[in-house]
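Observations on the three-dimensional arrangement
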Amino acid sequence: MKQLAARLLAGVGVLWGAATLTFVAIHFSAGDPVLAILGGPDAIPTPQQLAQVREEYGFDQPLWVQYGRYVGRIAHGDFGESYRLRIPVTEAIGKQIGATLQLALSAALLAIGLALASAVLTAKRNPWVRRVASASELVLSSSPSFVLGILLLLVFSFQWPVLPPAGSNGWQTLILPTIALALPIAGMLSQVLRQELEDILEQPFIAMARARGLSQTAVRLRHALRHALVPLVTLSGFIFASLLGGAVVTEMLFARQGIGRMMLDAAVAKDAPVVLGITLLAALVYVGVNLLVDVLNGLIDPRVKPR
Amino acid sequence: MPINHWSRFGLLLGLLLVSACSPDAPPPSSVQRVDGHLDAQGLLSYDPGDYHETRQGTPGGTLRMSAALDTGTFDVHSSYHGNVQWLARIVYDCLLYQDENGKISPWLAKSWDVSEDGKTYTFHLRDDVTFSDGAKFNAEALRINLEHMRDPATKSPLAAAYIAPYIDGRIIDEYTFEAHLREPYSPFLYVLAQSWLSMVSPKQIREAPKSIAEHPIGSGPFVLQSYTREQGATFIKRADYHWAPPVTRHIGPAYLDRIELSIVPEAMTRYSTLQSKRSDFTLDAPAQNTAAMRASQNLVVRNRIRMASPYRSVTFNTLRFPFDDVRVRKAIAQAIDRDGLAWIAGFGELLAKSDYLAVNTPFYDPAYRDVLKYDVDAANRQLDEAGWTLRDAQGYRVKDGRRLSAQLLGFESPSFPSNVAVAVQADVKKVGMQLTIQMMPLAQLTDRRTAGNYDAIGGGYWHTNTPDGLYILYHSDSRASPTKSGNNLSNLSDPRLDQLLGAARRSHDPVELQALYSAAQQRLTEVVPAVPDFESQVLIAYRTAVKGLIFDAVHNTPFFTSVWLDQEAP
């Protein structure tokens, strides 16, 4: 219990750090926030409007005052209002996050499923099978989602129009983006998993299990896989980061709604409250995932004791 | 209206996809690709049927259409997004409209009078117009709308500036409104016809102004049914609508029952859904696919020119070396091959340009269209005369031990793609000038721009429905300062030009206006604050089943009230 409390405290520290870093990064990056609020570089706000916005948003205050206000507000769960959309950030994110969660979850499931299947089926098998699997994983893990996405679009939407190329309504629109987002992650994961599985299959206890008369498949599924899962769980941070990064590109390409696309638009338009909101949300999920990983690792491998 | 932020991502993908089939030889001219007829004098005339209904349509059906970008808000007073031009027309109406010759014509205002001193405008309003929440359109509604545009809380990036001279208004009777201006400002009537200055329900402005962004209430031919940001919107016909602008000759409600708009940033997808009949209409037809679309029997491509300022390849900072010398500016303008630029940037769809007003702008004068045309010999002569006679080892011109060299800043956009930047660099090198290019993110460019820290900036255009766009880009009042934003990036301060553009703001006499604006266009070719390279154009495409398309005479964008679907078409 005490350990959990310490971990939670550390999590809050990470969030505070993320908030501070983002604040600093946005403050020192190029572009005047007043112009962002008033429509961008080509807009023609009147001098009165400029002065009014500067005061309303407190940009005329010293930096530390702005920072203090900002931390105070987010501590109360107030993420402010989007410069561009003119609605509360929480509302803006709330409307977009469902679509991203759907995509991320389905892509994670597909990636993990594919990686497990490939690793279990090919580890220490016929060298040719192994070589083909390993080569395709290498290709997949080094293919960016947008290249895969374009290929998928060309084949399944344009050449043979079986799946819709755009949108985020209905399960059909989820298929192509899920595949585009999942494949590079699956490629990476299955490389790690096979390596791990092959190491484990060398272990004496596997020979013991075989000696007890268990079938090859049963050994792999019941004994070896359990051990191989440990790095998978540890890699969930990587999976999460890939999903988030990939979502930006995938959502653009397949014209899906979602926070990835929203983040990109916000960053380009220097919509600081939205960028901060999404960054903090990502940090929050990241902290949560890592906490969960520690707990899960303890369950899967009793030798790992949470310190 | 400024840079249209087409998705850079989409552009990148587009480039990736088309790089394999990049054009190698420019065609003789892109004139035939532009809608309308361009005569020998350089004047463009559109088919009158482009602006008014020629036959009655068949009601019914759903139009499925795509656009590259979402405006992010329906509160058009708080927006400067380019898509507002056609989007606002679906749910809103304006006080005024324009006819095909650019003359102001009635819409929600039946008529208007301007006082002798040009400072009092009296509008006589229609008395039969309602908003979709039941609120009446009347003088009070007009007053509330003007207040909302300039209310600091609206944070208007465009509408507020367009009505800046407006002081206050007086309600004479329910349907008569008198607007008082600080000074004579003849563009007032023109800007009131623009989509960014549409009329919103006064009830909504008073009771829930924040809700306009997502649940707008207008008096337009359609009502917004649902809207998901970055995804799309659905509009349904308003059955009791009967106040389309008289110029359009449309009577009664819109023909279409529904419009389904999808936001599709990926150019390839916009094209392929059209081709596979999964969509009927795209407002952002990808230039790289227009050849295929024009060849298709089931698709129609339209290529329209935005009024006011064309795309610019270079805007010179006239305060800095070497562009503080007008001879250098003129030489660079003559050294740039616009036909070449138009070809590499627009796949034959763009119309090259070397003067400062779009061909379809009211009071455009084609007399000066060739003054700055591509002429390498003339450019070399200019530079010799300016004293840049010596050359260094690399072949660049030198004067007083200093190389003729400058830096061009840019931001990847449709008006200034990187390949145009590189072509400009190569062109000016031929006359002995070194131009280094720095492409940067928009925010960084904005900072350099605000600080005045640049030799030259690439790209940009300004769309408005009056030649007063020249005031916004080249009058000394439009220079930026730490407390004031402005679009005169050249920092030009030419008393003669200022006098002409200022006098035009005070005049309502068409003959006088023509004389003033002609002189201003001539003056611009003498002071050369920038290099126009091609017209700012809008490409749309639709299936042949889409009938009755007319264009908004204010923005030259599609006007959906009169569009109908031929249900029997293939």
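Residues numbered from 1 in each chain as written. Chains lettered and ligands numbered in written order. Predicted model: local features only at pLDDT ≥ 70, side-chain atom pairs only at ≥ 80, totals over all residues. Heavy atoms only, no water.

What follows is about the overall build of chain A. When helices and strands are tallied, chain A shows 13 helices and zero strands. Reported as C-alpha extents along the three principal axes, the dimensions of chain A are approximately 85 × 60 × 30 Å. The buried share of chain A, reckoned over its 307 residues, is 46%. In chain A, of all internal contacts separated by at least 6 residues, the share reaching a separation of at least 24 is 73%. (Helix = DSSP H or I, 4+ residues; strand = E, 2+ residues; numbered from the N terminus. Buried < 20%, exposed > 50% of the residue type's maximum accessible area, 1.4 Å probe, protein only. Contact = heavy atoms within 4.5 Å.)

According to the stated counting rule, one finds 25 aromatic pairs over all chains in the structure shown. Judged by centre distance (5.4 Å) and plane angle (80 degrees), the rings of Tyr97 of chain B and Trp107 of chain B are edge-to-face. Residue Tyr97 of chain B is located in strand S4 (residues 96–98), and its partner Trp107 of chain B is located in the loop between strand S5 (104–106) and strand S6 (109–114); the two are separated by ten residues in the primary sequence. With a relative accessible area of 2%, Trp107 of chain B lands in the buried category. Here the basic side chain of Arg131 of chain A rests over the ring of Trp128 of chain A, its NZ or CZ set 4.8 Å away from the ring centre. Above the ring of Tyr471 of chain B, the side-chain terminus of Arg505 of chain B is found at 3.6 Å from the ring centroid. (Phe/Tyr/Trp six-rings, centres within 6.5 Å; stacked < 30°, edge-to-face > 60°. Lys NZ or Arg CZ within 6 Å of the ring centre and 35° of its normal.)

What follows deals with the sheet that holds strand S13 (residues 281–282) of chain B. All names here are of chain B. Ordered in space as S10-S11-S12-S3-S13-S25-S14, the seven strands form an open sheet in which the pairing is mixed. If you trace the sheet from one side to the other, it starts and ends with strand S10 (222–228) and strand S14 (299–305), each paired once. As defined by bridge partners, strand S11 (residues 232–237) adjoins strand S12 (residues 258–263) across five bridges and the pair is classed as antiparallel. Paired with Gly232 across the strands is Ser262, a residue of S12. Of the strands in this sheet, strand S3 (62–67), S10, S11 and S12 are in contact with helix H2 (residues 84–91), which crosses S10 at around 120 degrees. (Pairing = 2+ DSSP bridges. Axes fitted to C-alpha atoms, helices over the stretch in contact; angles between N-to-C directions.)

Turning to the interface of chain A and chain B, a few remarks are in order. A common way to report how large an interface is uses the accessible area buried once the components associate. Contacts between the two partners involve 51 residues from chain A, matched on the other side by 47 residues from chain B. Carbon and sulfur atoms make up 60% of the area that chain A and chain B hide from each other, which totals about 4100 Å². Between Lys210 of chain B and Glu81 of chain A there is a salt bridge, and its shortest N-O distance comes to 2.5 Å. Here chain A is connected to chain B by ten residue pairs in polar contact (both at pLDDT 80 or more). Listed by contribution, the elements that provide at least two residues to the side of chain A that touches chain B are helix H2 (33–37), helix H3 (47–56), helix H5 (89–122), helix H7 (145–159), helix H11 (236–253) and helix H12 (259–268) of chain A. Residues that form the side of chain A that touches chain B fall into these classes: 29 nonpolar, eleven polar and eleven charged. (Buried area = accessible area lost by both parts, 1.4 Å probe. Salt bridge = Lys/Arg side-chain N within 4 Å of Asp/Glu carboxyl O. Polar contact = N/O pair within 3.5 Å; in protein donor to acceptor, adjacent residues only side chain to side chain. Nonpolar A, V, L, I, M, F, W, Y, C, P; charged D, E, K, R; others polar.)

On to the UniProt feature "domain: ABC transmembrane type-1" (unreviewed entry) in chain A. Under the feature "domain: ABC transmembrane type-1" (unreviewed entry), the UniProt entry names residues 97–297 of chain A. The span residues 97–297 of chain A is 83% helical and 0% strand by assignment, and the distance between its end C-alpha atoms comes to 28 Å. (UniProt positions renumbered as here; feature names shortened; annotations may be inferred.)

We now examine the domain arrangement of chain B. Residue and element names in this part refer to chain B. For chain B, the assigned domains are domain 1 (56–304 + 538–565) and domain 2 (311–535). When each unit is reduced to the centre of its C-alpha atoms, the spacing between domain 1 and domain 2 is 32 Å. Tallying the contact residues gives 25 residues for domain 1 and 18 residues for domain 2. Between domain 1 and domain 2 lies a buried interface of about 1600 Å² when both sides are counted; carbon and sulfur atoms form 52% of it. If you sort the residues of domain 1 by the area they bury against domain 2, Tyr162, Ser186 and Tyr190 come out on top, with a joint share of 27%. Linking domain 1 to domain 2 there are one salt bridge. Salt-bridge contacts for Glu349 lead to Arg294; the nearest nitrogen and oxygen are separated by 2.8 Å. (Domains from an automatic or database assignment.)

Glancing now at the pairing of strand S7 (residues 120–125) of chain B. All names here are of chain B. Pairing between S6 and S7: five bridges, direction antiparallel. Residue pairing for S7: Val114 is matched across the bridge by Tyr121. Where S6 folds back onto S7 in an antiparallel hairpin, the turn is made up of five residues, including Gly118, whose phi is positive at roughly 70 degrees. Summarising the sheet, S7 and strand S9 (residues 176–181) pair through five bridges and their orientation is antiparallel. From the neighbouring strand, Tyr121 faces S9, where its bridge partner is Ala179.

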